[in-house]
Amino acid sequence: MPSRHGIDISKAQALHQLELRRFAESRPRSRELSRSAERHLLFGVPLHWMEDWSTPFSLYLQAASGAEVRDADGHVYHDFCLGDTGAMFGHAPDPWRQALAREAADGVSAMLPTADAVWVAEELSRRFGLSHWQFALSASDANRFAIRWARAMTGRDKVLVFNGCYHGTVDDVFVDLVDGAPRRRDSLLGQVYDLTRHTRVVEFNDLPSLEAALADGEVACVLAEPAMTNIGMVLPQAGFWAGAQDIIRRHGSLLLLDETHTISSGPGGYSQAYGLRPDMLVLGKPLAGGLPAAAYGFSAELAARAQQAKRAAPPGHSGIGTTLTANRLTLAMIRVMLEQVMTDAAYQHMFLMSQQLADGLQTLIQRYRLPWCVTRIGARCEFQFCARPPQNGSQAGASQDAELEGYIHLYLLNRGALITPFHNMLLTCPATRAEQVEALLAALDGWLEQVACR
Ligand SMILES: Cc1ncc(COP(=O)(O)O)c(C=O)c1O
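This structure is a prediction, so every number in the text was calculated from the model and none was measured. (Residues numbered from 1 in each chain as written. Predicted model: local features only at pLDDT ≥ 70, side-chain atom pairs only at ≥ 80, totals over all residues. Heavy atoms only, no water.)

*Asks:* Just to check I follow, could you spell out the overall build of the protein chain for this structure?
*Replies:* Secondary structure summary: the protein chain contains 14 helices and 18 strands in total. In summary, the protein chain has a C-alpha radius of gyration of 22 Å against a globular reference of 22 Å for 454 residues, a match within 12%. The principal-axis extent of the C-alpha atoms belonging to the protein chain is close to 65 × 55 × 45 Å. Out of the 454 residues in the protein chain, the part that is buried amounts to 54%. Here the contacts in the protein chain between residues at least 6 apart in sequence split such that 74% fall between residues at least 24 apart. (Helix = DSSP H or I, 4+ residues; strand = E, 2+ residues; numbered from the N terminus. Rg over C-alpha atoms; globule rule 2.2 N^0.38 Å. Buried < 20%, exposed > 50% of the residue type's maximum accessible area, 1.4 Å probe, protein only. Contact = heavy atoms within 4.5 Å.)

Laid out in structure tokens, this is it:
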């Protein structure tokens, strides 16, 4: 029997053919829109990643509310994708929706600060323990700007990342470890510089390699997610961050934590939940409820160094910031999110739902004797095709199976459950209901019943 990861691949392939037909037959409006889109949209979609779903043509969104999404044909889905974190706190929660209508009426962008900016920075400082803040329109931009500040503050030109990372479209970090050597990620389009000159890369959870890579004192900052989430999840081993922070400080580098995804860990992110002390920290995606917004924070010491670096530079373009950044509306919406939506109570419920999901997945893995594992960080949960949780990016990458993922995702989608199109990530939000979790688990059970080898 051709088995992969405990799944009979022939059966899974045959079932997938039926699922492709089932999808197509019941979504005439999405099909029609997809056909029309090909005329004027590159790849027939407004952003080419939108092709990455497992569907034979695009699923068109009509509306989204709470933990549900409705497509253009009227089908309603339990949403565990949540816009790949953009809607981590639910689609259009009531306080956000009301504030948007109210605030939009008072204008968007005037290149002037507002009282909300003062309130937001104070609240971010309280939550994340960093004293000063700046804003950006996306987490990609926030990471880009934070790296620029780190270089300006330290006078060093190199950055270090962990193998298999993703921090948005930041060119500097599109470098992988291939046979022990850094190599520009093959998929990166249109980049002509030798990225390996200024970027070092080591495996996550590997303290000796980190020490060796920082030893010459040339690295401005280590940019990292506190737990990797983008190559499948990789959790830090016990003592990893204590050791890593010590090494980073000893070599005069800065720790830049990207909490764009690990904000799922709690109101102060992973760093507050687990006592990490970053020099800089990045937030994005759900910060303004899915409107374009990001923030990055500096420790008090670094805030002084950053201001000094800018004052010491000649006047003119700094390469940091964009015209619409930190606009009035965005800051107002971030305030609403922090004040009324991203609350302790919301997190408690999200964790409860995610635990229910993780427990249910574990039960299925045992029932079908699958060599899979489940990893959870707060409201973010993932099943991976390896018997034990991966310890670094290489191991996590090796456990991925795009074909199998596509089969699972489409089967679930046809039964009313959406999960992220990239690996097997499942998010829960304050509006997620226990019966939605049970529906997703039942659908996965149905798939496994037909294709698991046992
Ligand atoms: C950890 C992390 N940082 C940054 C980003 C970039 O976010 P955006 O695409 O909103 O710029 C992502 C996107 O997935 C991410 O996962």
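*Asks:* Help me out: how do you make sense of the nonpolar core in this one?
*Replies:* The tendency in soluble globular proteins is for nonpolar side chains to be buried side by side. Among the nonpolar cores identified, the biggest contains 93 residues, and Phe162, Leu210 and Trp241 are the most heavily contacted of them. Beyond its immediate chain neighbours, meaning those up to four positions away, Trp241 contacts Phe162, Phe204, Ala224, Glu225, Pro226, Pro236, Leu255, Leu257 and Leu276. Core analysis: the next-biggest nonpolar cluster, separate from the first, contains 35 residues, Phe80, Leu357, Leu361 and Ala417 among them. (Core = buried A, V, L, I, M, F, W, Y, C linked by side-chain atoms within 4.5 Å.)

*Asks:* Honestly, helix H5 (residues 139-154) in this entry has me stumped. Any pointers?
*Replies:* Side chains that are three or four residues apart share a direction in an α-helix, a result of its 3.6 residues per turn. If you check H5, its first and last C-alpha atoms are 22 Å apart, about what 16 residues at 1.5 Å a residue would give, namely 22 Å. Of all 16 residues that make up H5, 12 are buried, and the element is covered over most of its length. Residues of H5 that are buried: Ala139, Ser140, Asp141, Ala142, Asn143, Phe145, Ala146, Ile147, Trp149, Ala150, Met153 and Thr154. Positive phi shows up at Gly155, right after H5, with a value of about 70 degrees. (Expected span 1.5 Å × (residues − 1).)

*Asks:* Even after reading the chapter, I still don't get the packing of helix H3 (residues 94-104) against helix H10 (residues 328-341), so can you show me in this structure?
*Replies:* Close contact between H3 and H10 brings their axes to 10 Å; oriented N to C, the two are set at 155 degrees. Here H10 runs roughly antiparallel to H3, going by the angle between their axes. Seen from above, H3 lies across H10 with right-handed handedness. Judged by residue contacts, Pro95, Trp96, Ala99, Leu100, Glu103 and Ala104 of H3 engage Arg328, Leu329, Ala332, Met333, Val336, Met337, Gln340 and Val341 from H10. In the contact of H3 with H10, the residues fall into 11 nonpolar, one polar and two charged. (Axes fitted to C-alpha atoms, helices over the stretch in contact; angles between N-to-C directions. Parallel < 35°, antiparallel > 145°, perpendicular 65-115°, else oblique. Left-handed = near helix turned anticlockwise from the far one by under 90°. Nonpolar A, V, L, I, M, F, W, Y, C, P; charged D, E, K, R; others polar.)

*Asks:* Looking at this model, I keep getting lost on the side chain of Ser30. Mind explaining?
*Replies:* Considering the arrangement of structural elements, one finds Ser30 in helix H2 (residues 28-37). The exposure class of Ser30 is buried, given its relative accessible area of 0%. Once you skip the residues sitting within four places of it in the chain, Ser30 turns out to touch Phe57, Ser58, Leu59, Tyr60, Ala72 and Asp73.

*Asks:* Got a minute to help me understand the layout of surface pockets in this structure?
*Replies:* Rolled over the atoms, a probe sized like a water molecule indicates the empty space that remains. As a volume, the second largest pocket reaches approximately 750 Å³. Among the elements of the structure, helix H4 (115-128), strand E6 (132-136), strand E14 (294-298), helix H9 (300-312) and H10 are those that each provide at least two residues to the lining of the second largest pocket. Residues belonging to the lining of the second largest pocket are distributed by class as follows: 16 nonpolar, 11 polar and two charged. (1 Å grid on protein atoms, 1.4 Å probe; cavity = no way out; pocket = protein on both sides within 12 Å on 5 of 7 lines; lining within 4 Å. Points joined across faces, edges and corners; volume = space filled by probe spheres on them.)

*Asks:* Would you mind showing me how to read the pattern of salt bridges here?
*Replies:* Opposite charge on two side chains allows them to pair when their charged atoms are near. In total, this model carries 30 salt bridges according to the counting rule given. Note that Arg250 and Glu211 form a salt bridge whose closest N and O atoms lie 3.0 Å from each other. Pair noted here: Arg250 is in helix H7 (residues 240-250) and Glu211 is in helix H6 (residues 207-214), with a separation of 39 residues, a long-range link. Residue class for Glu211 comes out partly exposed when judged on its relative accessible area of 26%. Residues Glu435 and Arg433 are paired through a salt bridge, measuring 3.1 Å at the closest nitrogen-oxygen approach. In this structure Arg433 comes out as partly exposed when scored by relative accessible area, which is 34%. (Salt bridge = Lys/Arg side-chain N within 4 Å of Asp/Glu carboxyl O.)

*Asks:* What should I look at first to understand the sheet that holds strand E16 (residues 380-384) in this one?
*Replies:* The strands making up a sheet associate through hydrogen bonds between their backbones, and the pairing can be parallel or antiparallel. Ordered by their spatial adjacency, three strands build an open sheet running E15-E16-E18, and the pairing between neighbours is antiparallel. The strands lining the two open edges of the sheet, one partner per strand, are strand E15 (373-377) and strand E18 (425-427). The mean angle between the axes of side-by-side strands here comes to 20 degrees, regardless of whether they run parallel or antiparallel. Against the sheet, helix H11 (residues 344-367) engages E15, E16 and E18, with an angle of about 170 degrees to E15. (Pairing = 2+ DSSP bridges.)

*Asks:* Before we go on, may I ask you to explain the side chain of Arg380 in this structure?
*Replies:* Within the element layout of this structure, Arg380 appears in strand E16. For the buried Arg380, no salt bridge is present, and the opposite-charge side chain at shortest range is Asp84, 4.9 Å distant. Among the polar contacts listed, one links the side chain of Arg380 to the side chain of Thr85, at a separation of 2.8 Å. For Arg380, the side chain forms a polar contact with the main-chain oxygen of His261, separated by 3.1 Å. In this structure Arg380 touches Thr85, Met88, Thr229, Met233, His261, Ser264, Ser354, Thr375, Met425, Leu426 and Leu427, once residues within four positions along its chain are discounted. (Lys, Arg positive; Asp, Glu negative; His and termini not counted. Polar contact = N/O pair within 3.5 Å; in protein donor to acceptor, adjacent residues only side chain to side chain.)

*Asks:* Help me understand the sheet that holds strand E13 (residues 280-283), please; the structure alone is not making it clear to me.
*Replies:* One open sheet accounts for seven strands, arranged E6-E14-E13-E12-E11-E7-E10; its pairing is mixed. The two strands at the open ends of the sheet, each matched to only one other strand, are E6 and strand E10 (199-202). Averaged over all adjacent pairs, the angle separating strand axes in this sheet is 20 degrees, with direction ignored. By the bridge criterion, three bridges tie strand E7 (residues 158-162) to strand E11 (residues 219-224) in an arrangement that is parallel. Across the sheet, the residue bridging to Val159 is Cys221, located in E11. Where H5 meets the sheet, its contacts fall on E6, E7, E11, strand E12 (254-258), E13 and E14, and the angle it forms with E14 comes to roughly 25 degrees. Running at roughly 135 degrees to E12, H7 makes contact with E7, E11 and E12 of the sheet.

*Asks:* What am I meant to see in the site of the ligand here?
*Replies:* Neighbouring the ligand are 13 residues; Ser140, Asn230, Asp258, His261 and Lys285 lie closest to it. Within the contact set of the ligand, a nitrogen atom lies 2.6 Å away from a side-chain nitrogen or oxygen of Asp258. Between Thr260 and the ligand, the recorded distance is 3.4 Å, taken from a side-chain N or O atom to a nitrogen atom. With three residues, the single largest contributor to the shell around the ligand is H5. The residue inventory of the shell around the ligand, partitioned by class, reads two nonpolar, eight polar and three charged. (Near = heavy atom within 4 Å.)

Fair warning: the whole summary comes from geometry, so function is off the table for now.
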